[in-house]
Amino acid sequence: MLSGFSDMVNQRWEEPLTKTKPFSISKQVVWESYRRVKANRGAAGVDGQSIEDFEVNLKDNLYKIWNRMSSGSYFPPPVRTVDIPKSDGRSRRLGIPAVSDRVAQMVVKMYLEPTVEPRFHRDSYGYISGKSALDAVGTVRKRCWWYDWVIDLDIQGFFDTIDHRLMLDAVRKHTNSKWMLLYIERWLKAPAQLGDGSLIERGQGTPQGGVISPLLANIFLHHVFDEWMKVEHPSILFARYADDIIIHCCTEAQAQVMLKAIELRLARCKLKLHPGKTKIVYCKDYKRTGNHKHGILIFSAMGFGLVCAKDGRTFWVLRRQ
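Fair warning: this is a prediction, and the values are worked out from it, not measured in the lab.

*Asks:* Quick one: what's the story with the pairing of strand β1 (residues 79–85), residue by residue and with numbers?
*Replies:* Each regular strand displays side chains that alternate between the two surfaces of the sheet. Two elements, β1 and strand β4 (residues 192–193), share 2 bridges in a ladder whose sense is parallel. Paired with R80 across the strands is Q193, a residue of β4. Where β1 lies against strand β2 (residues 91–96), 6 bridges are found, and the strand directions are antiparallel. Along β2, the bridge assignment pairs D83 with R93.

Spelled out as structure tokens, the structure:
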């Protein structure tokens, strides 16, 4: 079935153009973007159109996306919002773009991602090819044997509070493509549609659930946190999975100083730490002495917990919360 769609799309797109488009976007990239969106599945957006509905007129829908993006006339529809319950009784608001908009976002992602991923910090793990949450947790677990203290950082409402101007400044460090910057800015500003149909204009943030959002988040924190740590605190080890960050310190005093420095850095970038979730944790094992109480690290939707063996020793093990 897919090969049949591919033949129809290629047949239509091989027709000669009557005028030159201002932006050069590959038709093949649009086609591959659709294939990736289809593989990821996902719910319908504000237009109620499912993947299956989109495929009824696949060649026309893909041609429309390519034509509008190439001409600069593509404007994203509002993002449908869904509140997902959390274990603590609160909810997380996800943004679900329309299928066509997910394809358009994937186009930009396919062009931009290969140029930025090689520049990311070696200890940045979230949403990066060849890396996973388990890789991040494994790194943190190993380093917990080397350092007595860790800072478990949680950025409050990160995806909802990213400053648009700072975000675009960060993206410009990686590309001067006019069409990519144009559409990224439009996606940042696209309104959110609530369950009752009302629209909310967005002056900050990027929808958690958008195709392009994880890449934008990594670009933003690469400059806000990773590069800052590399320059200002090169001897301090850390691991970051999206906006979840673990920093390793030798002493409690060092952890307190680092936490204050990070808090000030984030404030300058219009972010703030979650007061209830950010914590300093003592990594106690049988070789260490002291009366400090250990804690549990929440990281990448997983946790570390101290488990006592029969001989009284304690050690770090991976456990799900």
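*Asks:* Describe the nonpolar core, naming the residues involved and giving the relevant values.
*Replies:* In this structure, M69 and I247 are the most contacted members of the largest nonpolar core, which totals 70 residues. By residue number, the principal contributor to this core is helix α10 (residues 213–232), which donates 10 residues. Those residues in contact with M69, other than ones at most four positions away along the chain, are F23, I25, Y74, A104, V107, V108, W179 and Y183.

*Asks:* Lay out unusual backbone geometry with the relevant residues and their values.
*Replies:* The phi dihedral of A242 is positive, around 60°, even though this residue is not glycine. For A242, the location among the structural elements is in the loop between β6 (238–241) and β7 (244–249). Assessed through its relative accessible area of 7%, A242 is described here as buried. For K270, which is not glycine, the phi torsion reads 65° and is therefore positive. With respect to the helices and strands, the residue K270 is situated in the loop between α11 (252–268) and β8 (279–282).

*Asks:* Account for the packing of α10 against α11, with residues named and values stated.
*Replies:* The N-to-C vectors of α10 and α11 enclose an angle of 140°; their axes lie 10 Å apart at closest approach. Judged on the interaxial angle alone, α11 and α10 are oblique. At the point where α10 passes α11, the crossing takes the right-handed sense. Contacts from H223, V224, F225, W228 and M229 in α10 reach M258, A261, I262, R265, L266 and R268 in α11. In terms of residue class, the contact of α10 with α11 is built from 8 nonpolar, 1 polar and 2 charged.

*Asks:* Any chance you could break down the packing of aromatic side chains for me, citing the residues and the numbers?
*Replies:* What the rule picks out here adds up to 13 aromatic pairs. Ring geometry for Y63 and W66: centres 5.6 Å apart, planes at 50°, overall tilted. Taken together, the positions of Y63 and W66, both in helix α4 (residues 58–71) and 3 residues apart, correspond to about one turn of that helix. Both residues of the pair, Y63 and W66, count as buried. Both rings, one in Y183 and one in W187, keep their centres 6.3 Å apart while their planes meet at 50°; by these two values the pair is tilted. You can see Y183 and its partner W187 sitting in helix α9 (residues 178–189), 4 residues apart, about one turn around the helix. Here Y183 falls in the buried class, since its relative accessible area comes to 0%. An aromatic cluster of at least three residues, connected via ring pairs, comprises Y74, Y111, W179, Y183 and W187.

*Asks:* Explain the pattern of salt bridges residue by residue, including any values.
*Replies:* Scanning all chains against the criterion turns up 13 salt bridges. Between E52 and R41 there is a salt bridge, and its shortest N-O distance comes to 2.5 Å. Of this pair, E52 sits in helix α3 (residues 51–56) while R41 is found in the loop between α2 (27–40) and α3, placing the two residues 11 residues apart along the sequence. The network of salt bridges with common partners includes E32, R35 and R36.

Reading the values: rules and limits
Along each chain, residues carry numbers from 1 onward, in the same order as the chain's sequence is written. Selection of residues for local features in this predicted model requires a pLDDT of at least 70, selection of side-chain atom pairs for listing and counting requires 80 or more, and totals for whole chains, interfaces and linings are taken over all residues. To obtain the side-chain values, all non-hydrogen atoms of the structure were included, while hydrogens and water were left out. DSSP bridges decide pairing: two strands pair if at least two such bridges lie between them. Helix numbering and strand numbering both begin at the N terminus, where a helix is a DSSP run of H or I of at least 4 residues and a strand a DSSP run of E of at least 2. Nonpolar cores are built from buried Ala, Val, Leu, Ile, Met, Phe, Trp, Tyr and Cys residues. Side-chain atoms within 4.5 Å join them into one set. Burial here depends on accessible area, computed with a 1.4 Å probe over protein chains only, as a share of the maximum for the residue type. Under 20% is buried, over 50% is exposed, and the range in between is partly exposed. The contact criterion used throughout is that any non-hydrogen atoms of two residues lie within 4.5 Å. A fitted line through C-alpha atoms represents every axis, and for helices the fit uses only the stretch in contact; the resulting angles, taken between N-to-C directions, go from 0 to 180 degrees. Angular relationships are summarised with four words: roughly parallel below 35 degrees, roughly antiparallel beyond 145, roughly perpendicular across 65 to 115, and oblique for the angles in between. If you view the pair so one helix is near and one far, a crossing is left-handed when the near helix is turned anticlockwise from the far one by less than a right angle, and right-handed when it is turned clockwise. Lys, Arg, Asp and Glu make up the charged group, whereas Ala, Val, Leu, Ile, Met, Phe, Trp, Tyr, Cys and Pro make up the nonpolar group; the residues left over, Gly among them, are polar. Note on ring pairs: Phe, Tyr and Trp rings are taken, using the six-membered ring of Trp, and paired if centres are within 6.5 Å. Classes follow the plane angle, with under 30 degrees stacked, over 60 edge-to-face and the rest tilted. What counts as a salt bridge is simple: a side-chain nitrogen of Lys or Arg found within 4 Å of a carboxyl oxygen of Asp or Glu.

As far as function goes, none of this settles anything; it's purely spatial.
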